[in-house]
Amino acid sequence: MNVFVLTGAGVSAESGLGVFRGSGTALWKRYDPMQLATPEAFARDPATVHEFYNARRRNLIAASPNAAHAALVRLEAGLAQRGGALTLVTQNIDDLHERAGSSRVIHMHGELLKARCASCGAVSDCQRDLGVDSRCGCAGALRPHVVWFGETPLYMDEIYAALETADLFVAIGTSGAVYPAAGLVREARMRGVRCCELNLEPSDNAAEFDDRRYGAASEIVPSWVDVILEK
Ligand code: BV8
Ligand code: ZN
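In this text the structure is predicted, and so the values were computed from the model without any measurement.

Trainee: Can you walk me through the overall build of the protein chain in this structure?
Mentor: Within the protein chain, the secondary structure is distributed over 9 helices and 9 strands. Taking 231 residues into account, the globule formula puts the C-alpha radius of gyration at 17 Å, and the protein chain, at 18 Å, falls close to it. Overall size of the protein chain, expressed as C-alpha extent along the three principal axes, is 55 × 35 × 30 Å. Residue pairs in contact within the protein chain that sit at least 24 positions apart in sequence constitute 65% of those at least 6 positions apart. Summing over all exposed atoms, the protein chain offers an accessible surface of approximately 10,500 Å²; the carbon and sulfur share of this is 51%. Averaged over its 23 positive side-chain charges, the protein chain has a centre that lies 2 Å from the centre of its 28 negative ones.

Trainee: Whenever I open this one, the pattern of salt bridges confuses me. Can you help?
Mentor: Any two side chains of opposite charge can pair if their charged atoms end up close together. Within the structure shown, the criterion is met by 11 salt bridges. As a salt-bridge pair, Glu187 and Arg191 come within 3.0 Å of each other at their nearest N and O atoms. Among the residues examined, Arg191 registers a relative accessible area of 31% and is labelled partly exposed. Residues joined in a network through salt bridges with shared partners are Glu164, Glu187 and Arg191.

Trainee: Sorry, what's going on with the state of the cysteines here?
Mentor: Between two cysteines, a covalent bond joining their sulfur atoms is known as a disulfide. Applying the stated criterion across every chain yields a total of 0 disulfides. Cys196 supplies the cysteine sulfur nearest to Cys195, a cysteine that is in no disulfide, at a spacing of 8.9 Å.

Trainee: It is not clear to me how the site of ligand 1 should be interpreted in this structure. Could you clarify?
Mentor: Neighbouring residues of ligand 1: 35 residues in total, closest Phe20, Arg21, Gly150, Thr174 and Ser175. At a separation of 2.7 Å, a nitrogen atom of ligand 1 approaches a polar backbone atom of Val147. For ligand 1, whose accessible area on its own is 1,500 Å², the fraction buried by protein is 78%. A breakdown of the residues in the shell around ligand 1 according to their chemical character gives 19 nonpolar, 11 polar and 5 charged. Residue-level mapping places the shell around ligand 1 at the junction of two domains, with at least three residues from each of domain 1 (1–17 + 65–109 + 152–231) and domain 2 (20–62 + 112–146).

About the cut-offs
Residues numbered from 1 in each chain as written. Chains lettered and ligands numbered in written order. Predicted model: local features only at pLDDT ≥ 70, side-chain atom pairs only at ≥ 80, totals over all residues. Heavy atoms only, no water. Helix = DSSP H or I, 4+ residues; strand = E, 2+ residues; numbered from the N terminus. Rg over C-alpha atoms; globule rule 2.2 N^0.38 Å. Contact = heavy atoms within 4.5 Å. Areas by Shrake-Rupley, 256 points an atom, 1.4 Å probe, with all protein chains shown as cover. Lys, Arg positive; Asp, Glu negative; His and termini not counted. Charge placed at Lys NZ, Arg CZ, Asp CG, Glu CD. Salt bridge = Lys/Arg side-chain N within 4 Å of Asp/Glu carboxyl O. Buried < 20%, exposed > 50% of the residue type's maximum accessible area, 1.4 Å probe, protein only. Disulfide = S-S within 2.5 Å. Near = heavy atom within 4 Å. Polar contact = N/O pair within 3.5 Å; in protein donor to acceptor, adjacent residues only side chain to side chain. Nonpolar A, V, L, I, M, F, W, Y, C, P; charged D, E, K, R; others polar. Domains from an automatic or database assignment.

It is worth stressing that arrangement in space is one thing and function is another; only the former is reported here.
So, in structure tokens, the structure goes:
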């Protein structure tokens, strides 16, 4: 059985990372991601955008994966033992899936712990604060390696290819508000794939799902994985 999982900010919420919509932590009251996660904001006020990502990077480094991340590691191993596979696509820019032990994570919106050079495009690991003076070896300016609104998501060809072989599509902890990520469930349905939503509350595209389970990810994801692996 091949399972395609798409995660959003809700899967990292119980690890203390902010969600974009709904009740947020203090960090999100100070900054509006919709205003700052754009190339225009970065061009206009790079120092503030760097500060926004520096605060999230520090928060992430101090955070830990939760039971939902761990359950997806168990799912990956369990499917492989049965000759199947897990494709894990995330909208999140955190590395909590990797730190929990997931072996292949497709970050369609980039990664907070990486930086990209505006001149040569080189992507490098980044655990420290970035600023307007941060430079690449080629002397180009560094920006967070994340996909901002208006920019093209990463790995889309690989993502659509994985949908071709999926037996089940599961969205976890996402509001279904951001495209093209929110359009993936419809792509799955058009291919006749069964779709399931695991979230705290109904997402904007809840009607597109065949099954829907609501609750905190750290509770409903482990119990859902138990059901999948018992089948
Ligand atoms: C693009 C990185 C062209 C930066 C992010 C139609 C088609 C195509 C594009 C558009 C379109 N309409 C509009 C657009 C433009 C735009 C868009 O979608 N705008 C929205 C606002 C309408 N899209 C883009 O610009 C994208 N680029 O379209 O390029 C293109 C198109 C197709 C193919 C090629 C090219 C780029 C979008 C990427 C932006 N970057 N992140 C950063 O992180 O700072 S998006 C950012 O917001 C996140 O990455 C994430 O994707 C999104 C937030 O969504 P969620 O993850 O769902 O998080 P959210 O807070 O919304 O929801 C959390 C959910 O969890 C909630 O439902 C909550 O109830 C639940 N929850 C909370 N706690 C828990 C929980 N669940 C379980 N347990 C809990 N404890
Ligand atoms: Zn460079």
